[in-house]
Amino acid sequence: SQPGILGETVQKSIVDAYLQVSVFVGFTLLIFIGIDSLSKFNLDIFLNKTKKFHVAIAAFLGAIPGCGGAVIVVTQFIQGKISFGSLVAVLTATMGDAAFLLFAIEPSTGFLIYIIGLTVGIASGYIIDFFHNYNFMKNEFNSSSSKTEKIEKNFVSKFNYIWLFIFLPGFFLGIIGAFQYDINKIINLPLDLNVNSLVGISGGVLSLIMWSLNPLSDFQLSTNKSRGFLPRVIDTTNFVTTWVIAGFLFFELFMLFTNIDLKAVFDIWLPIIPLVAIFFGFLPGCGPQIVVATFYLNGFIPLSAEIGNAISNDGDALFPAIALAPKAAILATLYSAIPALIVAYGYMYIFE
């Protein structure tokens, strides 16, 4: 009954992605975007007063789960307001949307990588600024094209209330699940229905539909303040959900259709696995990084590889950087590979 197994696999991937990751992403974004919307914070004045600390601030913004903080820093670099070292710091510290996955499923590992990324980011940034002057790589950008487009309200926002209606019980189920508690022992539904599956499938499928009708990138979503607080949270969560479902599905279907013992394959190639993960980190966007994190969480690649990937990956922040300051973006990405190699192989050598 291959179709039966296939259906179950797809269903399980969507439910897990929604209840183990999406609901926590949504909650985190409610807090971050909420603070951002409520505060009348003037970034320009702040940056003028804090020149000495730009690298540390950039690394801290980059280390925030998701890509919003990193995108802010990239746009400030493009406008010539911060140094190249700050750009390297943010790209090194950022783990993008893969951070949500780690924090949701293995919080202690997520926190460890967060601290490593932040520390390595700050150190790299100050070292780079020591060797390059403040205006290094700044003259290649023409500031006239830095306007943000206003994203119009569209048909998709009609689903926002249905989305919230599913999200609230989903978040509750996500917390219960995180504590390894089975809600289905308390709530018995007729017809072999299962509370987790009902909420997980509805939430996951709705996120996929909303994203496909409005496939904005994380970059457009998180930086655009012209849109309301709730649409920003919902659209960004849908974007991450789509990628996480894709990552989970890729992994589960690969395991279903190939009988390869991945663990054995990876064990043979162990010395170069961190290197491969670091190369994956060079791919812009959060999709490939979520796949790497999924492989780590399933026990197929070592923590050193996940650490290397987290340091080398730049999430969605790389898109605006490549579009508007390509030379700086490529050089910053290459620079971030150096600490990624040192830390990943250092960790592997000492702890694994």
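Quick caveat: nothing in here was measured; it's all calculated off a predicted structure. Sequence order as written defines residue numbering, which begins from 1 separately in each chain. Totals for whole chains, interfaces and linings use all residues, but because this is a predicted model, local features are given only for residues with pLDDT of at least 70 and pairs of side-chain atoms are given and counted only at 80 or more. For the side-chain quantities, the full set of heavy atoms in the structure was used; hydrogens and water were omitted.

With that settled, consider helix α9 (residues 195–213). The terminal C-alpha atoms of α9, which comprises 19 residues, lie 27 Å apart, in line with the 27 Å expected from a rise of 1.5 Å per residue. By the burial criterion, the buried members of α9 are V195, S197, V199, G200, G203, G204, L206, S207 and M210. Counting from the N terminus, the helices are the DSSP runs of H or I reaching at least four residues and the strands are the DSSP runs of E reaching at least two. In this scheme, a helix's expected span is set at 1.5 Å multiplied by one less than its residue total. Between buried and exposed lies partly exposed: a residue is buried under 20% and exposed over 50% of the maximum accessible area for its type, with that area taken using a 1.4 Å probe on protein chains only.

In this text, buried Ala, Val, Leu, Ile, Met, Phe, Trp, Tyr and Cys residues form a nonpolar core when linked through side-chain atoms within 4.5 Å. F84, L87, L91, L101, V244, F295 and I301 are the most contacted members of the largest nonpolar core, which has 69 residues in total. At 8 residues, the largest contribution of residues to this core is made by helix α11 (residues 229–257). Ranked by size, the runner-up nonpolar core spans 19 residues in total, among them Y18, I166, L173 and I183.

What follows is about the environment of V71. Counting through the fold element by element, V71 comes out in helix α4 (residues 68–78). Along the chain, V71 and F319 lie 248 residues apart, while their C-alpha atoms are 9.0 Å from each other.

Within a pair of aromatic rings, the relevant descriptors are the distance that separates the centres and the angle that separates the planes. The pairing test for Phe, Tyr and Trp rings, Trp by its six-membered ring, is centres within 6.5 Å, and the orientation test on the planes gives stacked under 30 degrees, edge-to-face over 60, and tilted for anything in between. What the rule picks out here adds up to 16 aromatic pairs. Look at F111 and Y114: their rings are 6.2 Å apart centre to centre, the planes differ by 15°, and that puts the pair in the stacked class. One end of the pair is F111 and the other is Y114, both in helix α7 (residues 107–131) and 3 residues apart, which spans about a single turn. Classification of Y114 as buried rests on a relative accessible area of 17%. The interplanar angle of 70° and the centroid separation of 6.0 Å between the aromatic rings of F266 and F295 together place this pair among those described as edge-to-face. Taken together, the positions of F266 in helix α12 (residues 262–268) and F295 in helix α14 (residues 287–297) put the pair 29 residues apart, joining distant regions of the chain.

Moving on: the side chain of T92. Mapped onto the elements, T92 comes out in helix α5 (residues 84–93). Note on T92: relative accessible area 0%, which makes it buried. Polar contacts involving the side chain of T92 include one to the main-chain carbonyl oxygen of V88, which spans 2.7 Å. Pairs of residues are marked as contacts when any of their non-hydrogen atoms sit within 4.5 Å. Contacts of T92, omitting those with residues within four sequence positions, involve G117, V120, G121, S124, A310, I311, S336 and P339. Polar contact is the term for a pair of N or O atoms within 3.5 Å; when the atoms are in protein, one must be able to donate a hydrogen and the other to accept it, and sequence-neighboring residues count only if both atoms are side-chain atoms.

So, on to the confidence of the model for the chain. In this model, the chain carries a mean pLDDT of 85, and residues with pLDDT of at least 70 account for 89%. With pLDDT under 50 throughout, residues 142–149 is counted as low confidence; its partners more than four residues away or in other chains account for 4 contacts. The predictor reports its confidence for every residue as pLDDT, a score running from 0 up to 100.

As a further point, take the side chain of N160. With respect to the helices and strands, N160 occurs in helix α8 (residues 160–178). Leaving out residues up to four positions away in the same chain, N160 has contacts with M210, P231 and I234.

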